[in-house]
Number of protein chains: 2
Amino acid sequence: MTDIAMIEAAQARLDGHVRVTPLLSSPFLDEIAGRRVFVKPECLQHTGSFKFRGAWSAISALSPEVRERGVIAFSSGNHAQGVAFAAKLHGIASVIVMPSDAPRIKIENTRAYGAEVVLYDRQTENRDEIGATLSRERGLTLIKPFDEPLVIAGQATSGLEIAAQAKEVGLDKGEVLVPVSGGGLLSGVALALQARAPGFVVRPCEPEGFDDVTRSLASGKIERNAALSGSICDAILAPQPGDVTFPILSKLCGPGLVVSEDEVLHAMALAFNRLKIVVEPGGAVGLAAALFHGDQLGDTVIAICSGGNVDADLFKQALDRHPI
Amino acid sequence: MTDIAMIEAAQARLDGHVRVTPLLSSPFLDEIAGRRVFVKPECLQHTGSFKFRGAWSAISALSPEVRERGVIAFSSGNHAQGVAFAAKLHGIASVIVMPSDAPRIKIENTRAYGAEVVLYDRQTENRDEIGATLSRERGLTLIKPFDEPLVIAGQATSGLEIAAQAKEVGLDKGEVLVPVSGGGLLSGVALALQARAPGFVVRPCEPEGFDDVTRSLASGKIERNAALSGSICDAILAPQPGDVTFPILSKLCGPGLVVSEDEVLHAMALAFNRLKIVVEPGGAVGLAAALFHGDQLGDTVIAICSGGNVDADLFKQALDRHPI
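Summary of the structure given here. Everything numeric in this text was worked out from a predicted model, so none of it was measured.

1. Points about the overall build of chain A
Piece 1. For chain A, the count of helices and strands is 14 helices and ten strands.
Piece 2. Here the C-alpha radius of gyration of chain A, 18 Å, is about what a compact globule of 324 residues would show, namely 20 Å.
Piece 3. Viewed in the frame of its principal axes, chain A has a C-alpha envelope of about 55 × 40 × 40 Å.
Piece 4. Relative to all contacts within chain A whose residues are 6 or more apart in sequence, the contacts with residues 24 or more apart total 73%.
Piece 5. Working note: accessible area of chain A is about 11,100 Å², and carbon and sulfur atoms make up 50% of it.

2. Remarks on the relation of the copies chain A and chain B
The second copy of the chain is related to the first by a rotation about an axis and a shift along the axis.
Piece 1. Mapping chain A onto chain B is achieved by rotating through 180 degrees and translating by 0.0 Å along the same axis, at an RMSD of 0.0 Å. The superposition operator between the copies reduces to a two-fold rotation axis. No C-alpha of chain A lies nearer the rotation axis than that of Ile 277 of chain A, which sits 2.3 Å from it.

3. Re the pairing of strand E1 (residues 36-41) of chain B
Residues and elements named next belong to chain B.
Piece 1. Within E1, five of the six residues are buried, which leaves the element mostly enclosed by the surrounding structure.
Piece 2. Inspection of the sheet shows E1 paired to strand E9 (residues 300-305) by six bridges, in the parallel sense. Each bridged residue has a counterpart across the sheet, and for Pro 41 the counterpart in E9 is Cys 305.

4. A short note on the pattern of salt bridges
Piece 1. As enumerated under the stated definition, the model contains 25 salt bridges over all chains in all.
Piece 2. The salt bridge involving Arg 53 of chain A is made with Glu 161 of chain A; its shortest N-O contact spans 2.9 Å. Placement of Arg 53 of chain A in helix H3 (residues 51-60) and of Glu 161 of chain A in helix H8 (residues 149-168) is noted, with a sequence separation of 108 residues between them.
Piece 3. Measuring nitrogen to oxygen at the nearest pair gives 2.2 Å for the salt bridge that ties Glu 8 of chain B to Arg 196 of chain B. Placement of Glu 8 of chain B in helix H1 (residues 4-14) and of Arg 196 of chain B in helix H9 (residues 184-196) is noted, with a sequence separation of 188 residues between them.
Piece 4. One connected set of salt bridges, linked through shared partners, spans Lys 40, Glu 42, Arg 53 and Glu 161 of chain A.

5. A look at the interface of chain A and chain B
Piece 1. Listed as interface residues are 34 residues of chain A and, on the opposing side, 34 residues of chain B.
Piece 2. Summing both sides of the interface, chain A and chain B together bury roughly 2,800 Å²; the carbon and sulfur share of this comes to 65%.
Piece 3. In terms of surface lost to chain B, no three residues of chain A exceed Arg 19, Phe 272 and Lys 276 of chain A, which account for 23% of the buried area on that side.
Piece 4. The interface formed by chain A and chain B holds two salt bridges in total.
Piece 5. Measuring nitrogen to oxygen at the nearest pair gives 2.1 Å for the salt bridge that ties Asp 320 of chain B to Lys 316 of chain A.
Piece 6. Viewed at the interface, chain B and chain A are joined by twelve residue pairs in polar contact (both at pLDDT 80 or more).
Piece 7. Only strand E1 (24-25), helix H2 (27-33), helix H6 (104-112), helix H12 (261-275) and helix H14 (312-321) of chain A provide two or more residues apiece to the side of chain A that touches chain B.
Piece 8. Of the residues forming the side of chain A that touches chain B, the biggest block, five residues, is contributed by H14 of chain A.
Piece 9. For the side of chain A that touches chain B, the per-class residue count stands at 21 nonpolar, seven polar and six charged.

6. Focus: the packing of helix H1 (residues 4-14) of chain A against helix H9 (residues 184-196) of chain A
Residues and elements named next belong to chain A.
Piece 1. Relative to each other, H1 and H9 sit at 105 degrees, their axes nearing to 10 Å. Considering their axes alone, H1 and H9 lie roughly perpendicular with respect to each other. From H1, Ile 4, Ile 7 and Glu 8 reach across to H9, where they touch Gly 188, Leu 191, Ala 192, Ala 195 and Arg 196.
Piece 2. The class makeup of the residues in the contact of H1 with H9 is five nonpolar, one polar and two charged.

7. Examining the packing of aromatic side chains
Piece 1. Scanning the entire structure with this criterion turns up 13 aromatic pairs over all chains.
Piece 2. Between Phe 28 of chain A and Tyr 113 of chain B, the ring centres sit 5.1 Å apart and the planes meet at 65 degrees, which makes this aromatic pair edge-to-face. One end of the pair, Phe 28 of chain A, is in helix H2; the other, Tyr 113 of chain B, is in the loop between helix H6 (104-112) and strand E4 (116-120), on a second chain. Both residues of the pair, Phe 28 of chain A and Tyr 113 of chain B, belong to the buried class.
Piece 3. Ring geometry for Phe 85 of chain B versus Tyr 113 of chain B: centroids 4.9 Å apart, planes at 40 degrees, classification tilted. A residue pair is termed long-range when its members are at least 10 positions apart, and Phe 85 of chain B in helix H5 (residues 78-90) and Tyr 113 of chain B in the loop between H6 and E4 qualify at 28 residues. Both residues of the pair, Phe 85 of chain B and Tyr 113 of chain B, count as buried.
Piece 4. Three or more aromatic residues joined by ring pairs make a cluster, and in this case those are Phe 28 of chain A together with Phe 52, Trp 56, Phe 85 and Tyr 113 of chain B.
Piece 5. One residue, Arg 274 of chain A, lies across the ring of Phe 28 of chain A, its end atom 3.6 Å from the ring centre.

8. A short note on the pairing of strand E6 (residues 174-179) of chain B
In regular strands, side chains alternate between the two faces of the sheet.
Residue and element names in this part refer to chain B.
Piece 1. Of all six residues in E6, six are buried; the element is thus mostly enclosed.
Piece 2. Taking every second residue as pointing to the same face, both faces of E6 are buried, with Gly 174, Val 176 and Val 178 on one and Glu 175, Leu 177 and Pro 179 on the other.
Piece 3. Pairing between E6 and E9: three bridges, direction parallel. Of the residues in E9, the one forming a bridge with Glu 175 is Val 301.

9. Structural notes on the nonpolar core
Most often, soluble globular proteins have nonpolar side chains that are buried together.
Piece 1. Grouped together as the largest cluster of nonpolar side chains are 86 residues, with contacts concentrated most on Ile 277 and Phe 315 of chain A together with Ile 277 and Phe 315 of chain B.
Piece 2. Sequence-distant contacts of Ile 277 of chain B, that is, excluding residues within four places in its chain, are made with Leu 44, Lys 276 and Val 278 of chain A together with Leu 24, Val 39, Pro 41, Cys 43, Leu 44, Ala 271 and Phe 272 of chain B.

Here is what the cut-offs are and how they apply
Residues numbered from 1 in each chain as written. Chains lettered and ligands numbered in written order. Predicted model: local features only at pLDDT ≥ 70, side-chain atom pairs only at ≥ 80, totals over all residues. Heavy atoms only, no water. Helix = DSSP H or I, 4+ residues; strand = E, 2+ residues; numbered from the N terminus. Rg over C-alpha atoms; globule rule 2.2 N^0.38 Å. Contact = heavy atoms within 4.5 Å. Areas by Shrake-Rupley, 256 points an atom, 1.4 Å probe, with all protein chains shown as cover. Least-squares fit on C-alpha atoms with pLDDT ≥ 70 in both. Buried < 20%, exposed > 50% of the residue type's maximum accessible area, 1.4 Å probe, protein only. Pairing = 2+ DSSP bridges. Salt bridge = Lys/Arg side-chain N within 4 Å of Asp/Glu carboxyl O. Buried area = accessible area lost by both parts, 1.4 Å probe. Polar contact = N/O pair within 3.5 Å; in protein donor to acceptor, adjacent residues only side chain to side chain. Nonpolar A, V, L, I, M, F, W, Y, C, P; charged D, E, K, R; others polar. Axes fitted to C-alpha atoms, helices over the stretch in contact; angles between N-to-C directions. Parallel < 35°, antiparallel > 145°, perpendicular 65-115°, else oblique. Phe/Tyr/Trp six-rings, centres within 6.5 Å; stacked < 30°, edge-to-face > 60°. Lys NZ or Arg CZ within 6 Å of the ring centre and 35° of its normal. Core = buried A, V, L, I, M, F, W, Y, C linked by side-chain atoms within 4.5 Å.

Dropping the structure here:
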């Protein structure tokens, strides 16, 4: 079970390897949102998403003998790149199991980081089974995307940074809006803030049609999404909250916020124009909630923009649909 | 004359008001460049460019009685936004004199920051005369864009950050590639690094056809650009190096690097894909030099991406022309 001691140990292992992302803001966004909006741009993290934190945390915690046999991961893309690059920097091999409909850039980048990529069909094959089999056959250590205390501890270091940075700008309370898929980032940030900045409430953000976490929190039991694909928010389409993460979310998170795809594209365009950062759709759901769902929010929010690995064509769509 | 004491005093005034921008990198960029490339993304600074540093430095140094009468600036856009926002945060009025062909977003943003915008024709009117007249008539203090020691001291704080961040990643020598127009950022960074990280050489970067600083450094006297407009790099088209900045540049800078417009667009597309930042053409000339002019560079470079205020149409052109 991840606790603050495990999170601080992860932070020590990550020190000098992970990028401390800044806290951004713009008076233009404050005006649109009708409240103070801060943005934590994890899109600026190594490999373009927060996933590098968890990957580094898990790989750096392995014993040298286990680590040198290599690692394996299954991922829609961002965890893949995080694990591949963290493995490369540790000088070890990685095998990444990816859905065949993942964005081209994510598959290519994962290969470019030196990983062996194994593709599977999201509709007909089970990635966990494929991962487990490969892991067993080659002696690789499976780095799970979220349901793993060491990964949660790594993602939580983003929460430690938020706690420190909020204090620097004079904030001691507010809502932290977190894009959620399996719940690794969300649960990690919730644990970090509970310990270091307890005035903040963490709230999950999801796209319409893929609001399993919001519904699970409302009903008190794990609920599943009806579909496994079909959203522009490809990075956050895990079918349901994790067995490890859900109890943490149930205990620590506020109610979920659900945004439309058009709101996501609008948030991406505003992040381009006002913050000069590139955010992918799944990474922009928290900012979309901050900007367009103020009726459900208090006067100060911090939105984590969790990733930036978006194809140029989709990014151009966002700019075309929402000119400044 | 700006010196390290003045720079440190500026840093103290800026503390808590300016954003400390991170130092970014990507193995993909290293591979293209054939050397280690770090990027200082001043596009993430308040108002989307380094100009906020100098504006804050100059305005915060005014006596309260002088400051409350307001300030005036003339600028192709980024200095305008920096002065307008710094003035607003100080609770004072600002008048900004801008060329009528400046990008729409820059004019609109400057107005949105609460400034009064006065437009002039870059070909037929003299911005210095317009600024001086308005300044005299209304009792406003002129905040010059670069030829002012307090502004140079403000821009220099970016150099202090580079010195500290380079040390953190284990660097004690290399080349710092700086987009240059009038030379405020370049001279400030050169002074800061001379005092704090003397192993670094600062090198000016310019677009073809607007290489006045490169030619001035080569000839040893101030040279002028033939044209005053006609480049996508609208932010860095000052006609010649400043009278205050040129002696500093002559003493401290290495030879200039000149890049093509296509290289600039390519650097913008790579910054989008690999760093997840939005860089405007004028802000990308240093990164373009790092990536495509390796024959003139050593094995480690830090490129300042000095601004990100680019219209969506031009940004889309960069993405279209240089797909990943």
